[in-house]
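Close look at the chain arrangement
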Amino acid sequence: MDKKERIERFEKLRMGLFMHFGLYSMAGEGEWAFFNNPKVAEKYGELFENFNPEKLDFEDILSQAKAAGMKYAVLTTRHHDGFSLYDTRGLSEYDVMHTPYGKDIIKLFTDACRKCGMMPFFYHTMHDWQNPLLNEDFDAYLKYLRASVEVLCTNYGDVGGFWFDGCWSNSEADWQLDALYSMIRKHQPDAMIINNTGLAYRGIISHPYIDAVTYEQGHIEKRKKIPGVQMPAAEACETLNNHWGFARLDINYRAPKSIIEALASSRGFEINYLMNIGPRGDGTISPYDRGILDLISIWMEQVRDIFYDAETTDIDAGSRNFVLEAKGKYYLFVFDNTSPESEHDTANPVSEKIILRGMPRRIKTVKWRDNGCELAFSNNENGEALIEATGFEYGRNLIVRVAEIECE
């Protein structure tokens, strides 16, 4: 599989589940607790000695993610605190095999992915807060890092990709990325190579080997494609609250509207959407995490058959709206569709007039995909068309609504 094929396969996945899990999950103060809170850092040895997530059930979590339309999953094999969820094969005793749990969590994860029909991806930190070699002997540290990643390359079957994070901690350093990426290519020739550029450099191509650029915490934007040039894929990764790892007192969860709109916008811009959850220390996930997956599944009911293979178009639908093409038809994604405020409002409140510019053919029919109701329209001159987008009837609001357009 060459680079073009890797990228196209990844882009067809469209949506994935990110999971941040580790010792910090037991502390319940987010994935940076070791770095930010001295009291948590002091008891990290105790967390290690008591790590035993007996309720961790990847098959249960991934089955729900699959039902929501997610096709791949990314798990933190080692985060910045240096603790590994996999058997490091003698490289370090600071791994899951030396805890009371004693089972290779990455093996459990990859087995569950394959059983659920999800493609496994591995997150791995570049920056390790607890490894003294990072500051004392950087070359030796990088050898340890490459050996760690090689364990992941050679013991868990085919991997969808490697998702690195932490080079931003010292952007001036020589991380010897050629050696790291070449080693991955040797063992996993079809795996995506992704290295998160962080909040300050969203969408930046950091190395020729990179297969996908990242948009951490969203800020999704349409990318300019250069004719004849193989562009990397793109992926937006977002949290549901303000933390990647479980934070017990962070109840500032994003509204479902924000998440659905980000997912839809990502699809319109040909950017994969990677939604993060942080399992608790015992391995369970919160009711909110499950609730969001359920709501995404409901939203996907109107587009599941065209969501993955539809192509973007140059049709201008105004504002944030966009149009995809699939199976000879066009699909208009409408943001901010009106909704009745109460049961006393009319069944169909104010209609929104949407002008489409650049239609290649004249419209024959338009209907909402969620209820099959037909919409009034008119074909104008020079590839323009006007659609009367009726609002949701009482009892419905899918946030981003999709209309199916059939042309002559």
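Look up a bit, the structure's there.
One structure accompanies this document, and this report is about it. (Residues numbered from 1 in each chain as written. Predicted model: local features only at pLDDT ≥ 70, side-chain atom pairs only at ≥ 80, totals over all residues. Heavy atoms only, no water.)

**A closer look at the sheet that holds strand β14 (residues 377-379)**
For clarity, the threshold we go by: Two strands qualify as a pair provided that DSSP identifies no fewer than 2 bridges between them. Numbering of helices and strands starts at the N terminus; helices are DSSP runs of H or I of at least 4 residues and strands are runs of E of at least 2. Only the contacting stretch of a helix is used when fitting its axis, a line to C-alpha atoms as for every element, and angles between N-to-C directions run 0 to 180 degrees.
Read from one edge of the open sheet, three strands run β12-β15-β14, paired in antiparallel fashion. Of all the strands in the sheet, the pair left with one neighbour each is β12 (352-357) and β14. Between one strand axis and the next, the sheet turns through 15° on average, direction left out of account. Of the pairings in the sheet, the one linking β12 to strand β15 (residues 384-389) comprises six bridges and is antiparallel in character. Paired with Ile-355 across the bridge in β15 is Leu-386.

**Some remarks on the packing of helix α11 (residues 256-268) against helix α12 (residues 287-300)**
Put simply, the rule is: By the definition adopted for this analysis, an angle is roughly parallel if under 35 degrees, roughly antiparallel if over 145, roughly perpendicular if from 65 to 115, and oblique otherwise. Throughout, a crossing is termed right-handed when the near helix is turned clockwise from the far one, and left-handed when it is turned anticlockwise from it by less than a right angle. Two residues form a contact once any of their heavy atoms are found within 4.5 Å.
The interhelical angle for the contact between α11 and α12, taken along N-to-C directions, is 50°, at an axis separation of 11 Å. When the axis of α11 is compared with that of α12, the two are oblique. For α11 against α12, the interelement crossing comes out right-handed. Residues Pro-256, Ile-259, Ile-260, Leu-263 and Ala-264 of α11 lie in contact with α12, whose contacting residues are Tyr-288, Ile-292, Leu-295, Ile-296 and Trp-299.

**What to know about the packing of aromatic side chains**
So the rule is basically this: A pair of aromatic rings is counted whenever rings of Phe, Tyr or Trp (Trp by its six-membered ring) have centres within 6.5 Å, and the orientation is called stacked for planes under 30 degrees apart, edge-to-face for over 60 and tilted otherwise. The cut-offs for exposure are 20% and 50% of the maximum accessible area for each residue type, with area from a 1.4 Å probe on protein chains only; residues under the lower value are buried, those over the upper are exposed, and the others partly exposed. Definition used: whenever NZ (Lys) or CZ (Arg) falls within 6 Å of the ring centre and also within 35 degrees of the ring normal, the charge is taken to sit over that ring.
Going through the model one piece at a time under the given rule, you end up with 32 aromatic pairs. Summarising the aromatic geometry, the rings of Phe-18 and Tyr-123 are spaced 6.1 Å apart at their centres and angled 50° between planes, so their arrangement reads as tilted. Residue Phe-18 is found in strand β1 (residues 15-19), and its partner Tyr-123 is found in strand β3 (residues 119-125); the two are separated by 105 residues along the sequence. Judged by relative accessible area, which is 1%, Tyr-123 ranks as buried. Between Trp-32 and Trp-168 the ring centres are 6.1 Å apart and the planes differ by 20°, which places this aromatic pair in the stacked class. Note that Trp-32 is positioned in the loop between α2 (24-27) and α3 (33-36) and Trp-168 in the loop between β4 (161-165) and α10 (177-187), a separation of 136 residues in sequence. The class for Trp-168 is partly exposed, based on a relative accessible area of 34%. Its guanidinium or amino end placed over the ring of Tyr-308, Lys-71 lies 4.3 Å from that ring's centre, counting from NZ or CZ. The cationic tip of Arg-267 hangs over the ring face of Phe-307; the distance from NZ or CZ to the ring centre is 5.7 Å.

**Brief notes about the nonpolar core**
Heads up, the condition is: Residue types Ala, Val, Leu, Ile, Met, Phe, Trp, Tyr and Cys, when buried and joined through side-chain atoms within 4.5 Å, form a set referred to as a nonpolar core.
Membership of the largest hydrophobic core comes to 92 residues, with the highest contact counts inside it found for Leu-62, Ile-105, Phe-162, Met-275, Ile-296, Trp-299 and Phe-333. In terms of residues, this core owes the most to one element, helix α9 (residues 138-154), which gives eight residues.

**Brief notes about unusual backbone geometry**
For Asn-382, which is not glycine, the phi dihedral falls at a positive 55°. The phi dihedral of Ile-399 is positive, around 70°, even though this residue is not glycine. Along the chain, the position of Ile-399 falls in the loop between β15 and β16 (400-407).

**Section: the pattern of salt bridges**
Stated precisely, the cut-off is as follows: Definition used for salt bridges: Asp or Glu carboxyl oxygen within 4 Å of a side-chain nitrogen of Lys or Arg.
All chains considered together, the criterion is met by 28 salt bridges. For the salt bridge of Lys-107 with Asp-111, the shortest nitrogen-to-oxygen distance reads 2.7 Å. Of the two residues, Lys-107 and Asp-111 are both situated in helix α7 (residues 105-116); the distance of four residues between them amounts to about one turn of the helix. On the accessibility criterion, Lys-107 (39% relative accessible area) is partly exposed. With relative accessibility at 37%, the residue Asp-111 sits in the partly exposed group.

**Section: the sheet that holds β16**
Strand order in this open sheet of five strands is β9-β10-β11-β16-β13, and the pairing throughout is antiparallel. Taken across any chain shown, the strands that pair with only one partner, and hence form the sheet edges, are β9 (311-312) and β13 (363-368). Bridging between strand β11 (residues 329-335) and β16 involves six bridges; their strand directions are antiparallel. Residue pairing in the sheet places Tyr-331 in a bridge with Glu-404 of β16.

**Side note on the environment of Cys-113**
Counting through the fold element by element, Cys-113 comes out in helix α7. With 86 residues separating them in the primary sequence, Cys-113 and Leu-199 have C-alpha atoms 29 Å apart. The residues contacting Cys-113, other than those within four sequence positions of it, are Leu-62, Ala-73, Met-118 and Pro-120.

**Observations concerning the packing of helix α6 (residues 58-67) against α12**
To be explicit about the condition: Polar here means any residue other than Ala, Val, Leu, Ile, Met, Phe, Trp, Tyr, Cys and Pro, which are nonpolar, and Asp, Glu, Lys and Arg, which are charged; Gly is therefore polar.
Between α6 and α12, whose axes approach to 8 Å, the crossing angle comes to 30°. When the axis of α6 is compared with that of α12, the two are roughly parallel. On α12, the residues touching Asp-60, Gln-64, Ala-65 and Ala-67 of α6 are Arg-290, Leu-293, Asp-294 and Ser-297. Looking at the contact of α6 with α12, its residues break down into three nonpolar, two polar and three charged.

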